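An overview of the molecular structure
In case you want the letters, here they are:
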Amino acid sequence: MTGELYDLIIIGAGPAGMTAAVYCLRKGLRTLILSKDIGGQANWTTLVENYMGFLEISGPELMQRFEEQLKKEKATVVIDEAVNLEAQAGVFAVTGKTTGAHRARAVIVASGKRPKKLGVKGEEEFKGKGVSYCSTCDAPLFREAVVAVAGGGNSGVQAVLDLLANEARQIYLISDEELTADQVLAEKIIDHPKVRLYQHSLVTEIHGEQMIAAVSVQSRKTGLVERLPVEGIFVEIGLEPNSDFLQALRKNDLGEVVIDCECRTSLPGVFAAGDVTNIPEKQIIVACGEGAKAAIKAWTYLTQK
Amino acid sequence: MAEVTVYTTSTCPWCTRLKDFLRAEGISFHEVDVGKDPAAAKRMVELTGQRSVPVTTIGEQIIIGYDPDGIKELLG
């Protein structure tokens, strides 16, 4: 392992990571940002209406503004996925999938979350061939189509609304329990003539040849399986943290990194912020605040060490 | 240089990022908004086997999703 010893490595360049970076750079810390992308989950958000200072702005546009601010501070960014974090001889080594090991005296983990998968037969095979995790992107490709949506939360109902806006012919909404979406959203679809609800039901298999042809749906109450002919399925069953590589840190049952009110993890010198942590409010504005906190605490750690 | 075509929808955040990347790299491209043109959407599915955007074709080669490294590699 060679190369520069940084004061700090920030893993992730979503709202938390980029905010942390701006704070650290402005405090003069030699900072490396290691991230598989710029913007993270915020890139998937169509419209943000609760980030102060903007009446409304798209997620990607907001992230471009963040990136401009990062560039102004002359940040060093390496686009790569972190695959390991470990303490070695008094410093931390963060390994990138393609760029190898990077070293620093402290670390801020802000690696965010990713969409959960169904984990059923056919899901991987038909990814991009009818299986989609982005209704914002792909709903326009399902005009006049019969489509399934898995997930009864806000994202699932939003996917149904995206499909309705794009004139899908019929939509099956499959939820493993009662709908959990906010009432204001759920009311828009519950009695819609194009929407059929399958509550307390699970998608058990995705069928097709070149493209999707059907999904199997099993009732959790009766055990009965129904095969629904569809051209696509949008998977909106929530998110899981990008924390698989963080073996060195304490995590909760959801795999989120456990932090205290000063963004400290179980490993001294490693801080964490944003959606990868056990902070329950998964909001852009909260992630930014946590990123700023983590940066200030990391600076304090480094200057008092 | 092989012709670069990007299949997009207007609401797709990754399509926006992909186009920004191509412009920043000075790579000229032709955009097809398959959300507005059902016939083009059908052609894209037949050509690429994908019902998802973004999809980029570089000559005969197909790149699925937002993959700047893949595009750079193919364009040398």
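Before any of the text, the structure's been laid out above.
Residues numbered from 1 in each chain as written. Chains lettered and ligands numbered in written order. Predicted model: local features only at pLDDT ≥ 70, side-chain atom pairs only at ≥ 80, totals over all residues. Heavy atoms only, no water.

**What about the interface of chain B and chain A?**
Each side of the interface is counted separately: chain B has 18 residues, and chain A has 21 residues. In terms of surface lost to chain A, no three residues of chain B exceed B:Trp14, B:Arg17 and B:Arg51, which account for 44% of the buried area on that side. On inspection of chain B and its partner chain A, the count reaches two salt bridges. On inspection of chain B and its partner chain A, the count reaches 13 residue pairs in polar contact (both at pLDDT 80 or more). Taken together, the elements giving at least two residues each to the side of chain B that touches chain A come down to helix H1 (13–24) and helix H2 (38–48) of chain B. Looking at the side of chain B that touches chain A, its residues break down into nine nonpolar, six polar and three charged. (Contact = heavy atoms within 4.5 Å. Buried area = accessible area lost by both parts, 1.4 Å probe. Salt bridge = Lys/Arg side-chain N within 4 Å of Asp/Glu carboxyl O. Polar contact = N/O pair within 3.5 Å; in protein donor to acceptor, adjacent residues only side chain to side chain. Helix = DSSP H or I, 4+ residues; strand = E, 2+ residues; numbered from the N terminus. Nonpolar A, V, L, I, M, F, W, Y, C, P; charged D, E, K, R; others polar.)

**Quick notes on the nonpolar core**
In this structure, A:Leu85, A:Ile108 and A:Val109 are the most contacted members of the largest nonpolar core, which totals 56 residues. The biggest single contributor to this core is helix H6 (residues 284–304) of chain A, with seven residues. Sequence-distant contacts of A:Leu85, defined by excluding residues within four places in its chain, comprise A:Phe92, A:Ala93, A:Val94, A:Val107, A:Val109, A:Phe245, A:Leu246, A:Ala248, A:Leu249 and A:Val270. Counting 35 residues, the second-largest nonpolar core is a separate cluster that includes A:Cys134, A:Val160, B:Tyr7 and B:Val55. (Core = buried A, V, L, I, M, F, W, Y, C linked by side-chain atoms within 4.5 Å. Buried < 20%, exposed > 50% of the residue type's maximum accessible area, 1.4 Å probe, protein only.)

**Looking at the packing of helix H1 (residues 15–26) of chain A against H6(A)**
Residue and element names in this part refer to chain A. One can describe the packing of H1 onto H6 by two numbers: an axis separation of 7 Å at closest approach and a directional angle of 35 degrees. The element H1 and its partner H6 pack so that their crossing is right-handed. Two secondary-structure elements touch here, H1 through Pro15, Ala16, Thr19, Ala20, Tyr23 and Cys24 and H6 through Ile284, Ala287, Cys288, Gly291, Ala292, Ala295 and Ile296. Partitioned by chemical class, the residues of the contact of H1 with H6 number 11 nonpolar, two polar and no charged. (Axes fitted to C-alpha atoms, helices over the stretch in contact; angles between N-to-C directions. Left-handed = near helix turned anticlockwise from the far one by under 90°.)

**Observations regarding the pattern of salt bridges**
This model, assessed by the stated rule, comprises 23 salt bridges over all chains. A salt bridge links B:Arg17 to A:Glu67; the nearest nitrogen and oxygen atoms lie 3.3 Å apart. Placement of the pair is B:Arg17 in helix H1 and A:Glu67 in helix H2 (residues 59–72), with the two residues belonging to separate chains. No difference in accessibility class separates B:Arg17 from A:Glu67, as the two residues are buried. In this structure, the salt-bridge partner of A:Glu290 is A:Lys293, at a minimum N-O distance of 3.1 Å. Highlighted residues: A:Glu290 and A:Lys293, both in helix H6, separated by three residues, approximately one helical turn. Residue A:Glu290 is classed as buried on the basis of its relative accessible area of 10%. The partly exposed category is assigned to A:Lys293, whose relative accessible area is 31%. Each of A:Asp260, A:Glu262, A:Arg264 and A:Lys297 takes part in salt bridges that share partners, so that together they form one network.

**Concerning unusual backbone geometry**
Of note, the bond from B:Val53 into B:Pro54 is cis; its omega dihedral lies within 30 degrees of zero at 0 degrees. By the element assignment, B:Pro54 lies in the loop between H2 and strand E3 (55–58). Not every positive phi belongs to a glycine, and A:Glu144 is a case in point at roughly 70 degrees. Tracing the backbone shows A:Glu144 in the loop between helix H3 (135–138) and strand E9 (146–150). On the basis of relative accessibility, which here comes to 48%, the residue A:Glu144 falls in the partly exposed class.

**Brief notes about the state of the cysteines**
Under the definition given, this model contains two disulfides over all chains. The disulfide partner of B:Cys12 is B:Cys15, and the gap between their sulfur atoms is 2.4 Å. Between B:Cys12 and B:Cys15 the sulfur-sulfur dihedral comes to about 85 degrees; the bridge is accordingly right-handed. Looking at the unpaired A:Cys263, the closest cysteine sulfur is the one in A:Cys261, lying at 8.5 Å. (Disulfide = S-S within 2.5 Å.)

**Here we look at the sheet that holds strand E10 (residues 170–174) of chain A**
Residue and element names in this part refer to chain A. Pairing is parallel in the open sheet, where five strands are placed in the order E8-E15-E9-E10-E11. Edge positions in the sheet fall to strand E8 (131–132) and strand E11 (195–198), since each of these pairs with one other strand and no more. Judged from the four bridges that link them, E9 and strand E15 (residues 232–235) form a sheet pairing that is parallel. Paired with Ala150 across the bridge in E15 is Val235. Contacts between helix H4 (residues 154–165) and the sheet are confined to E9, E10, E11 and E15, with E10 contributing the most and set at about 180 degrees to the helix. (Pairing = 2+ DSSP bridges.)

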